[in-house]
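Okay, here's what each chain looks like letter by letter:
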Amino acid sequence: MITDKIGIEAIDHHLDKDDIDEQGKMKLTIIANVLANAVNDISKKMDISVDETKESINKKLENVQYFVNESEDVIVPALVDQSTNTMKFGNRFFYDPTANKNEITVHELTHLMGFETLKPNPFKTRYVCGYKTIDKVLWMHKVENAGFNEAATQMFASYNNEYYNDKFLRYDIYTNQSEHQSIYKININLIHQMVIAKGLTDKELFKGLFNYNDAKEFMGKYDKTTFSELSQLIDTIYNNAFELSQTRNSLYNKADRDIGKLIDDEMHATVRIKIATQDAERKIMNKILLPELQNKTEEEKQMILAEYGKYVVSEKEYFNQITQKTTGKNQFIEQLKTDTVVKNNNHDNNHDNQNDVSNDKSEMEKD
């Protein structure tokens, strides 16, 4: 019997059971070890004690479940079911060599810790998960900031990963996301741009993942209309990146579907991602970056633009035009990346963007 305790009550009571087979013991041991590491990771990143982190998790996590066979598996390696306060681990979590177990677990625990139910009035219920909100009034519901919250959560979970230059949708992109987490690449860079342009910090962003009041404070730094428009564009990118990944998985696995239809779906999703990316980057530059630069010294402008330029995905030429007008100098994007690690990318264009949706797309709607 497994005797080690990690202080997470939902897993501890499973570890105490005597009627678990060997495969179950193996899976529970993996989950226990990963949970312990994830708790330490969250504590360090947020500068809170391990005990406080465990206490927060124990208030919300009631059960841990692993899936035994493919027929009852989940589409992602792990997810949190908010309706039952259950953390579920799929077969890919245990057997997919590309799955970063700690990153996945930190991502899901962040969702868990940031979830709460509010009751603004007798007719309205609001579910919040970090920046994401679901407002339910009678039979209608409105979801906001879903894509933003997913990208910010993954940005937090992967925060210590090394950045490198990569190819994605034929863009040269500066990212710390692996090939198997492509669904997040563009949106994380957009959030970097929003944070840098406004002169905020990653820590301020991450606080909002765990507390809705902090999320409101962060969002309140931006013009309400601008933030809403950017959030909707980020949703568009997230939803189409997810669709693109599913389509390419079907093509790769030769699914029993119309190949022509799959190729059309791939093309349309790619076009929608590119249009939304262009719109979002220009909006960030015009509505946030340029106004914020007006009262900066020349030295401050140079520093901000050098950092900002690393994360531009689509509108590099437009960014160079802005840079030249603002500082009188033409700073080329590639010159701003001289200290990054360049990744040798020998994949052909058909394989540049194979996406493995390795973290969740749980909709928090199982209430």
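Residues numbered from 1 in each chain as written. Predicted model: local features only at pLDDT ≥ 70, side-chain atom pairs only at ≥ 80, totals over all residues. Heavy atoms only, no water.

We now examine the overall build of the protein chain. If you tally the helices and strands in the protein chain, you get 13 helices and ten strands. Counting the 367 residues in the protein chain, one finds 52% classified as buried. Look at the contacts in the protein chain between residues 6 or more apart in sequence, and 64% of them connect residues 24 or more apart. Element-wise, carbon and sulfur atoms account for 48% of the exposed surface of the protein chain, whose accessible area totals about 17300 Å². (Helix = DSSP H or I, 4+ residues; strand = E, 2+ residues; numbered from the N terminus. Buried < 20%, exposed > 50% of the residue type's maximum accessible area, 1.4 Å probe, protein only. Contact = heavy atoms within 4.5 Å. Areas by Shrake-Rupley, 256 points an atom, 1.4 Å probe, with all protein chains shown as cover.)

On to the pairing of strand β8 (residues 164-168). Of all the five residues making up β8, four are buried; the element is thus mostly covered by neighbouring parts of the structure. Where β8 lies against strand β9 (residues 171-175), five bridges are found, and the strand directions are antiparallel. Paired with Y164 across the strands is T175, a residue of β9. Between β8 and β9, which pair antiparallel in sequence order, lie two residues; one of them, L169, sits at a positive phi of approximately 50 degrees. (Pairing = 2+ DSSP bridges.)

Okay, the sheet that holds strand β6 (residues 132-137) next. Taken in spatial order, the four strands line up as β4-β5-β6-β7 in an open sheet, and their pairing is antiparallel. Looking at the sheet topology across the chains shown, the edges are occupied by β4 (115-121) and β7 (140-144). Going from strand to strand, the sheet's axes swing by 20 degrees on average, the running direction of each strand aside. The pairing of β4 with strand β5 (residues 124-129) spans five bridges and is classified as antiparallel. Paired with L118 across the bridge in β5 is R126. (Axes fitted to C-alpha atoms, helices over the stretch in contact; angles between N-to-C directions.)

This part covers the side chain of K45. In this fold, K45 is placed in helix α2 (residues 22-46). Take K45: its relative accessible area is 13%, and that puts it in the buried class. Among all residues touching K45, those that are not within four sequence positions of it are F156, A157, S158, Y159, N160 and K203.

Turning our attention to the packing of α2 against helix α3 (residues 50-60). Packing of α2 against α3 brings their axes to within 9 Å, and their N-to-C directions diverge by 115 degrees. Between α2 and α3 lies a crossing of right-handed hand. Every residue of α3 that contacts α2 at V39, N40, I42 and S43 is listed here: V50, T53, K54 and I57. Partitioning the contact of α2 with α3 into residue classes produces four nonpolar, three polar and one charged. (Left-handed = near helix turned anticlockwise from the far one by under 90°. Nonpolar A, V, L, I, M, F, W, Y, C, P; charged D, E, K, R; others polar.)

Buried within α3 we find T53, I57 and N58. The buried side chains of α3 occupy one side of the element, clustering within an arc of 130 degrees when seen end-on. Relative to its buried face, α3 has exposed residues pointing more than 90 degrees away, namely D51 and K59. Those residues of α3 that are buried are in contact with α1 (9-15), α2 and α5 (101-113). (Arc of directions from axis to C-beta.)

Bringing the pattern of salt bridges into the picture now. What the rule picks out here adds up to 17 salt bridges. Of the charged contacts, one joins E22 and K25 as a salt bridge, the two residues approaching to 3.8 Å between their closest N and O atoms. Taken together, the residues E22 and K25, both in helix α2 and three residues apart, mark about one turn of the helix. Within this structure, K124, R126 and D135 form a network of salt bridges that share partners. (Salt bridge = Lys/Arg side-chain N within 4 Å of Asp/Glu carboxyl O.)

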